[in-house]
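These are the residues of each chain, in order.
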Amino acid sequence: MKVAVIGAGATGLMAARELQREGHRVVIFEKEDQLGGTWVYDPRVETDPLGLDPNREVVISSLYFSLRTNLPRHLMGFSDYPFGVTDNGDSRNFPRHEEVLRFLNDFARDFGLGELIRFGAEVVRVEQVDSGKDQWVVESRTSGVSSEEFFEAVVVCNGHHAEPRVVILPGIEKWPGRQVHSHNYRHPEPYQNQVVVMIGNGPSAYDISREIATVAKEVHLSSRSPDVKVSRLGNHHNIWQHSKILCVCEDGSIAFQDGSSVHADTIFHCTGYKYNFPFLRTNGIVTVDDNRVGPLYKDVFPPKLAPSLSFVGIPNRGLVFPLMELQSKWIASALSGKLLLPSVEEMLAEVEAHYKQMEENGIPKYHTHVLDPIGFEYQDWLSAQVGLPPLDKRLKDMFWQLIMCVISQKDGYRDEMDIDNLMRSVT
Ligand SMILES: Cc1cc2nc3c(=O)[nH]c(=O)nc-3n(C[C@H](O)[C@H](O)[C@H](O)COP(=O)(O)OP(=O)(O)OC[C@H]3O[C@@H](n4cnc5c(N)ncnc54)[C@H](O)[C@@H]3O)c2cc1C
């Protein structure tokens, strides 16, 4: 089949490799002038620090300058292409971001993917052609010039870390301070001597709070967890933990549900991102509603358009790189007819059952693609589809340990975890 892949980040590269291996003809559309997506560090920040202005020039990467991976390289490689150490590279288990970009460039080179990429080609429209058989038109724009091309299938790999999601706080219209989303954080210097309130407790909040605390007067972490009591964080003299924010006031104060309050200069949102597919025209078959992309069977196929339209990299959390490999293999085999998908009705019923279960468990809609608890069940299910064994239990244990380190705000886990020892025991 002739297949269009949208995006040359880690996901698009993997999808292209698997499609090519399966004998499909692949074109990768990439709007930037190099591959790597998120992993191409960009010192620029957007004009709107919250990243909400629809007219802003979007900066793709959310990397901050000092970023090191939040997973060890052992959990970021592919089944047949480990994320190894190179001469003169950062050989640490949790390397700096440049190392991931190097890895992706090596991967693209070794599988001849570079020649499949159309750089500077932004996809502006993807639409099914009403021809009775699966055919898609992909309209792209390069240097202001539009062109259309027809494909039998489209794999969407445009990433989901460029459209910030923020919390709307009661009283925020009158609160006089500055608001920033982690998407627009690069260095701590702008926060010199400030009081910063940071919302979120994921890996970005973990890293950025500690970095900002080296120059700021105080950093106050606000978490959604109901049982957080106001307290100082570990050995940090100027980082505090609080519960959820109750409201913010015109005098610059911020009140927390735990009864405490502070006067802050900046509210920092480490609150994740929104899915966005501005190019996709499916007559309402695929929609994004409160961050639910749906309906998607197993986060990959919209049942009514499967397998000719698919998405890679939608799940949040989990082992991103290994997951994208499994999803890509599944798509490539489904397109070549090696693997049959369930009927449209069965896939839709599965999606509905998932939504119903979420509702019964009180899980909000915007968590539809957050893997629960961290995605091993899903990962093993995908492995079974493509004939691979489940992930080794000891790797799963390693991942759990890491998650617990971040949740419990344990300092210095990257350098303290004895990953090499854990790896030696993995068969
Ligand atoms: C701050 C941060 C730290 C992270 N750290 C880790 C980590 O340590 N380990 C880990 O495994 N994961 C980490 N992740 C998750 C990371 O997103 C994934 O590792 C992975 O890079 C996602 O790849 P992607 O290809 O799906 O998306 P992206 O990397 O965003 O790539 C998408 C590509 O699509 C292109 N594109 C978008 N729209 C269009 C269009 N219309 N036309 C053409 N091209 C288009 C973009 O230019 C981009 O190149 C981190 C994410 C963030 C934000």
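Scroll up to find the structure.
Quick notes on the rules
- Residues numbered from 1 in each chain as written.
- Predicted model: local features only at pLDDT ≥ 70, side-chain atom pairs only at ≥ 80, totals over all residues.
- Heavy atoms only, no water.
- Helix = DSSP H or I, 4+ residues; strand = E, 2+ residues; numbered from the N terminus.
- Rg over C-alpha atoms; globule rule 2.2 N^0.38 Å.
- Buried < 20%, exposed > 50% of the residue type's maximum accessible area, 1.4 Å probe, protein only.
- Contact = heavy atoms within 4.5 Å.
- Areas by Shrake-Rupley, 256 points an atom, 1.4 Å probe, with all protein chains shown as cover.
- Lys, Arg positive; Asp, Glu negative; His and termini not counted.
- Charge placed at Lys NZ, Arg CZ, Asp CG, Glu CD.
- Pairing = 2+ DSSP bridges.
- Right-handed = clockwise from strand over helix to strand, strands pointing away.
- Near = heavy atom within 4 Å.
- Polar contact = N/O pair within 3.5 Å; in protein donor to acceptor, adjacent residues only side chain to side chain.
- 1 Å grid on protein atoms, 1.4 Å probe; cavity = no way out; pocket = protein on both sides within 12 Å on 5 of 7 lines; lining within 4 Å.
- Points joined across faces, edges and corners; volume = space filled by probe spheres on them.
- Nonpolar A, V, L, I, M, F, W, Y, C, P; charged D, E, K, R; others polar.
- Expected span 1.5 Å × (residues − 1).
- Phe/Tyr/Trp six-rings, centres within 6.5 Å; stacked < 30°, edge-to-face > 60°.
- Lys NZ or Arg CZ within 6 Å of the ring centre and 35° of its normal.

Turning next to the overall build of the protein. The secondary structure content of the protein amounts to nine helices and 20 strands. At 22 Å, the protein has a C-alpha radius of gyration in line with the 22 Å of a compact globule built from 427 residues. Its C-alpha atoms put the protein at 60 × 50 × 45 Å along the principal axes. For the protein, the proportion of its 427 residues judged to be buried stands at 52%. Expressed as a percentage of contacts within the protein between residues at least 6 apart in sequence, the contacts between residues at least 24 apart total 64%. Counting every atom, the protein has about 19,600 Å² of accessible surface; 50% of that belongs to carbon and sulfur. Separation of charge centres in the protein, based on 43 positive and 57 negative side chains, amounts to 1 Å.

Now for the pairing of strand β9 (residues 195–199). The buried fraction of β9 amounts to five of the five residues, a majority that puts the element mostly inside the structure. Of the two faces of β9, both are covered, the one formed by V195, V197 and I199 as well as the one formed by V196 and M198. The pairing of β9 with strand β10 (residues 218–222) spans five bridges and is parallel. Considered in β10, the bridge of V196 is made with V219. Taking the sense of rotation as the criterion, the β-α-β connection linking β9, helix α3 (residues 203–213) and β10 turns out right-handed.

With that settled, consider the site of the ligand. The ligand sits among 30 residues. The nearest are T11, E30, T38, W39 and N70. In this structure, an oxygen atom belonging to the ligand sits 2.6 Å away from a side-chain N or O atom of T11. At a separation of 2.9 Å, a nitrogen atom of the ligand approaches a polar backbone atom of V123. Protein chains bury 93% of the 990 Å² of accessible surface belonging to the ligand in isolation. In terms of residue count, the dominant contributor to the shell around the ligand is strand β4 (residues 121–128) (three residues).

For the coordinates displayed, the defined rule picks out one cavity of 30 Å³ or more. The computed volume of the largest cavity comes to approximately 50 Å³. Along the walls of the largest cavity sit G313, P315, R317, V320, L323, M324 and Q327, which together make up its complete lining. Here the lining of the largest cavity is composed, by residue class, of four nonpolar, two polar and one charged.

Our next topic: helix α2 (residues 97–110). For α2, spanning 14 residues, the distance from its first C-alpha to its last is 20 Å, which sits close to the expected 20 Å at 1.5 Å a residue. Within α2, burial applies to H97, E99, V100, L101, F103, L104, D106, F107 and A108. Against α1 (10–21) and α4 (320–335) lie the buried residues of α2. Taken from the residues just after α2, G112 is the one with a positive phi, measuring 60°.

So, on to the sheet that holds strand β5 (residues 136–142). The strand order across the open sheet formed by four strands is β6-β5-β4-β17, and the pairing between neighbours is mixed. The strands lining the two open edges of the sheet, one partner per strand, are β6 (145–151) and β17 (280–281). Pairing analysis gives seven bridges linking β5 to β6, with the strands arranged antiparallel. Paired with S140 across the two strands is S147, which belongs to β6.

This next bit is on the packing of aromatic side chains. If you walk through the whole model with that rule in mind, you get 23 aromatic pairs. Here the aromatic rings of Y81 and F107 are separated by 5.3 Å at their centres, their planes lie at 75°, and the arrangement is edge-to-face. One end of the pair, Y81, is in the loop between β2 (25–30) and α2; the other, F107, is in helix α2, with 26 residues separating them in the sequence. Judged by relative accessible area, which is 0%, F107 ranks as buried. Taken together, the ring pairs in this structure connect F78, Y81, F83, F103, F107, F111 and F321 into an aromatic cluster. A cation over a ring is seen here: R165 above Y366, with NZ or CZ 4.1 Å from the ring centre.

Before going further, it helps to examine the environment of E189. In this structure, E189 sits in the loop between β8 (178–181) and β9. The class for E189 is partly exposed, based on a relative accessible area of 46%. Along the chain, E189 and E211 lie 22 residues apart, while their C-alpha atoms are 9.6 Å from each other.

Everything listed here is a matter of coordinates, which is why it stays silent on function.
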